[in-house]
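Listed below are the residues making up each chain.
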Amino acid sequence: MKNVLVLLMVTIFNCYLEAQTCAESTAQIDLDINNVSARLLAGGDLWWDLSDGKYIAPKPLPGENPVSAIFAGAIWIGGTDNAGNLKLAAQSYRQTGSDFWPGPIINNPVTPFECIKWDRHFSVLGAEISAFIDDYNDNGTINDPIPNSILKWPASGNPKTFPVLGPLPIRDLAPFNDQNSNGIYEPTLGDHPIL
Ligand SMILES: [Ca+2]
Ligand SMILES: [Ca+2]
């Protein structure tokens, strides 16, 4: 796992009716490791920059032009409700709006601010997690400085996430290893993201 994995977490999916007052997601980031550079968006679509294909594999040598192997893709989720009605969120090219917005699923009406503050990606390196685990396992205590990618992981109850998010509620959010099984993400006690 060392030095080869990057997890880019996109928490998505407030339903359309709740989030339709929100501006469309604009966050983009490249999953850029090994021989692939793949653009990820936070609005349910993938591998493009809203204009051109951005799934570059293999990555070009210096002086070569990048060629995208894929133009675009998207997450599609469908299912039936209790009354048997088909519900489908199927992002295409945003030509008729968005079906997905960033952020955790919540029951209350979603405000535009709630959408904006989650319009971001969270990344962590596998090597960072491995080093963190080694630090914890050597004496049951975290002694080294905790990288921001682990310290601010958007997991249940984390008070140290990026300031714009504020303290997070205790609920199912980003996955993590919970050393003391209390349902609260506490990296200073050895909790860490799960890839
Ligand atoms: Ca230690
Ligand atoms: Ca815990």
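Residues numbered from 1 in each chain as written. Chains lettered and ligands numbered in written order. Predicted model: local features only at pLDDT ≥ 70, side-chain atom pairs only at ≥ 80, totals over all residues. Heavy atoms only, no water.

Participant: What's the story with a nonpolar patch on the surface in this structure? I'm lost.
Facilitator: Together, Phe113, Phe162 and Val164 make up an exposed nonpolar region whose accessible area comes to about 250 Å². Relative to the helices and strands, Phe162 is located in the loop between helix 4 (148-151) and strand 10 (176-177). Classification of Phe162 as partly exposed rests on a relative accessible area of 31%. (Patch = residues over 30% accessible without salt bridge, like charges linked within 9 Å, V, L, I, M, F, W, Y side chains within 5 Å. Areas by Shrake-Rupley, 256 points an atom, 1.4 Å probe, with all protein chains shown as cover. Salt bridge = Lys/Arg side-chain N within 4 Å of Asp/Glu carboxyl O. Helix = DSSP H or I, 4+ residues; strand = E, 2+ residues; numbered from the N terminus. Buried < 20%, exposed > 50% of the residue type's maximum accessible area, 1.4 Å probe, protein only.)

Participant: Can you help me understand the coordination of the calcium ion (ligand 1) in this one?
Facilitator: Perfect tetrahedral coordination of a metal by four donors corresponds to 109.5 degrees between them, and perfect octahedral coordination by six donors corresponds to 90 or 180 degrees. All of the protein donors around the calcium ion (ligand 1) are Asp135 (O), Asp135 (OD), Asp138 (OD), Asn139 (OD1), Thr141 (O) and Asn143 (OD1); their distances to the metal are 2.2 to 2.4 Å. Seen from the calcium ion (ligand 1), its 6 donor atoms lie at angles of 64 to 164 degrees, and the figure they make is irregular. Taking relative accessible area as the criterion, Asp138 reaches 56% and is therefore assigned exposed. (Donors = N, O, S within 2.8 Å, 3.2 Å for Na, K, Ca; no water. Tetrahedral: all angles 85-135°; square planar, octahedral: opposite > 155°, others 65-115°.)

Participant: Quick question: what am I supposed to make of the nonpolar core here?
Facilitator: When a protein is soluble and globular, its nonpolar side chains tend to lie buried together. With 18 residues, the main nonpolar core has Ile146, Ile150, Trp153, Ala155 and Tyr185 as its most contacted residues. The set of elements that each furnish at least two residues to this core consists of strand 9 (122-125), helix 3 (126-139) and helix 4. Per-element tally for this core: the top contributor is helix 3, with 3 residues. For Ile150, the contacting residues outside a window of four places in its chain are Val124, Glu128, Ile129, Phe132, Tyr185, Pro187, Asp191 and Pro193. (Core = buried A, V, L, I, M, F, W, Y, C linked by side-chain atoms within 4.5 Å. Contact = heavy atoms within 4.5 Å.)

Participant: What is the right way to read unusual backbone geometry from this model?
Facilitator: Peptide bonds are trans in most cases, and residues, glycine excluded, mostly fall at negative phi. The omega angle of the peptide bond from Ala57 to Pro58 is -5 degrees, so this bond is cis rather than trans. Note that Pro58 resides in the loop between strand 5 (55-56) and strand 6 (73-74). Within the chain, Leu50 stands out as a residue other than glycine whose phi angle is a positive 80 degrees. Along the chain, the position of Leu50 falls in the loop between strand 4 (45-46) and strand 5. Accessibility expressed as a relative area gives 39% for Leu50, which makes it partly exposed. Of note, the phi angle at Ser181 is positive, near 55 degrees, even though the residue is not glycine. With respect to the element layout, Ser181 can be found in the loop between strand 10 and strand 11 (192-193). Overall, Ser181 belongs to the exposed group, its relative accessible area being 63%.

Participant: Please explain the coordination of the calcium ion (ligand 2) as it appears in this structure.
Facilitator: Surrounding the calcium ion (ligand 2) are the protein donor atoms Asp178 (OD), Asn180 (OD1), Asn182 (OD1), Ile184 (O), Glu186 (OE) and Asp191 (OD), which sit 2.3 to 2.5 Å from the metal. Of note is the calcium ion (ligand 2), whose 6 donor atoms meet at the metal with angles of 71 to 169 degrees in an arrangement that counts as irregular. For the calcium ion (ligand 2), all donor residues lie on one chain, and their spacing in sequence is D-x1-N-x1-N-x1-I-x1-E-x4-D. On the basis of relative accessibility, which here comes to 24%, the residue Ile184 falls in the partly exposed class. Glu186 sits in the buried class, given a relative accessible area of 19%.

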